[in-house]
Amino acid sequence: MPRFAANLSMLYTEHAFLDRFKAAAADGFKAVEFLFPYEYPPAALADCLLRHGLSQALFNAPPGDWAAGERGLACLPGRQAEFRAGLDRALDYAAALNCSRIHVMAGIQPEDASPNALQTNYLDNLAWAAERARAQAVDICIEPINRRDMPGYFLCGQAQALKVIETIAAPNLRLQFDAYHCQISEGDVTNKLRQAITRGVLGHVQLAGVPDRHEPDQGELRVDGLLGLLDELGYSGFVGCEYRPRAGTREGLGWLKPWFGAGQFKG
Ligand SMILES: O=C(O)C(=O)[C@H](O)CO
Ligand SMILES: [Mg+2]
């Protein structure tokens, strides 16, 4: 049975952020994930996890100036010091939250930058990050993101991500497989997911319905088939529920009922 994580950046937005932990636990979740923890002290978030019996599945390293449109620093020229300081900050939060996965976003490729220079920056930064994180038993996850949602995003394909992971060859540099992005960018989701598992590089999975990014019980993806594949191939990681509920979060959780343990589903 997959371990599901409620993405508190998209789910339970009916509540203030720090109240979302209680709401997720009340519906039966045992884990959460979110984008960025940095506006809260680590101890405050650790307290939310502890009080509600939740694990932290994953969060993101600082992405640069998100409000200004930046979506990660790893490929960007001239931002290495900021990238490294951000990763060290993320590792401090990972220690406080007992979290062993950090998503490092690649960045929006600048129009005037050479592709080779961006690739070199990306590989150098990820290799450094994986080495840094390894001492703390933390995985660095990289996620191909579709360019309809995120125009110009540097990492946009599954094969591109697998090549990066193979090139750096760090045991804790792993793939964050977001089925929503994979379906939009390239399709063939089941085979791409199977490929990631059989290559031993799958670090995290996220789900949403396609094309609307609502609950995964509608649209182009057969979520029961994907979850069944994870079980069949023995994936023991987390599955992040990273979607925008059509109506209320709890009202939309019915798709999870067959996948929660006995007595776990409260939605
Ligand atoms: O966009 C996504 O799917 C993600 O998981 C990133 O972490 C945030 O953009
Ligand atoms: Mg995602």
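Computed from a predicted structure; not experimentally measured.

Our next topic: empty space enclosed by the protein. Under the criterion given, the structure shown has one cavity of 30 Å³ or more. Reported here for the largest cavity is a volume of approximately 40 Å³. Every residue lining the largest cavity is listed: A61, P62, G72, L73, F83, G86, L87, V104 and M105. Residues that form the lining of the largest cavity fall into these classes: seven nonpolar, two polar and no charged.

The environment of ligand 1 is made up of 14 residues, and the closest members are N60, D178, H181, R213 and E242. Within the contact set of ligand 1, an oxygen atom lies 2.8 Å away from a side-chain nitrogen or oxygen of N60. Here ligand 1 has 260 Å² of accessible area as a free molecule, and 95% of this is covered by the chains. In this structure, ligand 1 is accommodated by the largest pocket. Counted by class, the shell around ligand 1 contains five nonpolar, five polar and four charged residues.

Residue V210 is joined to P211 through a cis peptide bond whose omega torsion reads 10 degrees. A positive phi angle is found at Y12, which is not glycine, with a value near 60 degrees. Mapped onto the secondary structure, Y12 falls in the loop between β1 (3-7) and α1 (20-26). Backbone geometry at A137 places phi at a positive 55 degrees, although glycine is not the residue there. Among the secondary structure elements, A137 is positioned in the loop between α4 (115-134) and β5 (139-142). With a relative accessible area of 60%, A137 lands in the exposed category.

Let us now look at the nonpolar core. Core analysis: the largest hydrophobic core is formed by 90 residues, its most contacted members being F4, F21, F29, F59, I102, Y122 and L173. With eight residues, α4 is the largest single contributor of residues to this core.

This part covers helix α5 (residues 158-168). The complete set of buried residues in α5 reads Q158, A161, L162, V164, I165 and I168. What you see down the axis of α5 is that its buried residues fit within an arc of 155 degrees, all on one side. In α5, the exposed positions that point more than 90 degrees away from the buried face belong to A159 and E166. Residues of α5 that are buried make contact with α4, β5, β6 (173-178), α6 (179-185) and α7 (189-198). A positive phi of about 55 degrees marks A169, the residue just after α5.

The subject of this paragraph is the layout of surface pockets. The volume enclosed by the largest pocket comes to roughly 270 Å³. Among the elements of the structure, β3 (55-60) and β6 are those that each provide at least two residues to the lining of the largest pocket. Classifying every residue of the lining of the largest pocket by side-chain character gives eight nonpolar, seven polar and seven charged. Within this model, the second largest pocket holds a volume of roughly 160 Å³. What lines the second largest pocket is a set of 14 residues, and nearest its centre among them are R174, L202, G203, Y235 and G237. Its residues assigned to classes, the lining of the second largest pocket shows five nonpolar, six polar and three charged.

So, about the coordination of the magnesium ion (ligand 2). Protein-derived ligands of the magnesium ion (ligand 2) are E143 (OE), D178 (OD), Q206 (OE1) and E242 (OE), with the metal-ligand distances lying across 2.0 to 2.2 Å. Around the magnesium ion (ligand 2) sit six donor atoms; with metal-centred angles ranging over 76 to 168 degrees, the donor geometry is octahedral. All donor residues of the magnesium ion (ligand 2) come from one chain, and their arrangement in sequence is E-x34-D-x27-Q-x35-E. With E143 in the loop between β5 and α5 and D178 in strand β6, this pair connects stretches of sequence that are 35 residues apart. One exposure class covers both E143 and D178, and it is buried.

Sequence positions flagged by UniProt for "domain: Xylose isomerase-like TIM barrel" (unreviewed entry) are, in local numbering, residues 21-258. For the annotated span residues 21-258, helix accounts for 39% and strand for 13% of the residues, and the straight-line distance between the end C-alpha atoms is 22 Å.

Inspection of the entire model under this criterion finds 14 aromatic pairs. Residues F17 and F21 carry aromatic rings whose centres are separated by 5.7 Å and whose planes lie at 90 degrees to one another, so their mutual orientation is edge-to-face. Across the pair, exposure class does not vary: F17 and F21 are buried alike. Summarising the aromatic geometry, the rings of F29 and F260 are spaced 5.4 Å apart at their centres and angled 85 degrees between planes, so their arrangement reads as edge-to-face. With F29 in the loop between α1 and β2 (31-33) and F260 in the segment after β8 (238-241), the pair connects residues that are 231 residues apart, well separated along the chain. A relative accessible area of 2% means that F29 is categorised as buried. Look at F260 and you get buried, because its relative accessible area is 5%. Taken together, the ring pairs in this structure connect F4, Y12, F29, Y243, W255 and F260 into an aromatic cluster. One cation-aromatic arrangement involves R71 over W66; the distance from NZ or CZ to the ring centre is 3.6 Å.

Criteria and cut-off values
Residues numbered from 1 in each chain as written. Chains lettered and ligands numbered in written order. Predicted model: local features only at pLDDT ≥ 70, side-chain atom pairs only at ≥ 80, totals over all residues. Heavy atoms only, no water. 1 Å grid on protein atoms, 1.4 Å probe; cavity = no way out; pocket = protein on both sides within 12 Å on 5 of 7 lines; lining within 4 Å. Points joined across faces, edges and corners; volume = space filled by probe spheres on them. Nonpolar A, V, L, I, M, F, W, Y, C, P; charged D, E, K, R; others polar. Near = heavy atom within 4 Å. Polar contact = N/O pair within 3.5 Å; in protein donor to acceptor, adjacent residues only side chain to side chain. Areas by Shrake-Rupley, 256 points an atom, 1.4 Å probe, with all protein chains shown as cover. Sits in = over half its atoms within 2 Å of the grid points. Helix = DSSP H or I, 4+ residues; strand = E, 2+ residues; numbered from the N terminus. Buried < 20%, exposed > 50% of the residue type's maximum accessible area, 1.4 Å probe, protein only. Core = buried A, V, L, I, M, F, W, Y, C linked by side-chain atoms within 4.5 Å. Arc of directions from axis to C-beta. Contact = heavy atoms within 4.5 Å. Donors = N, O, S within 2.8 Å, 3.2 Å for Na, K, Ca; no water. Tetrahedral: all angles 85-135°; square planar, octahedral: opposite > 155°, others 65-115°. UniProt positions renumbered as here; feature names shortened; annotations may be inferred. Phe/Tyr/Trp six-rings, centres within 6.5 Å; stacked < 30°, edge-to-face > 60°. Lys NZ or Arg CZ within 6 Å of the ring centre and 35° of its normal.

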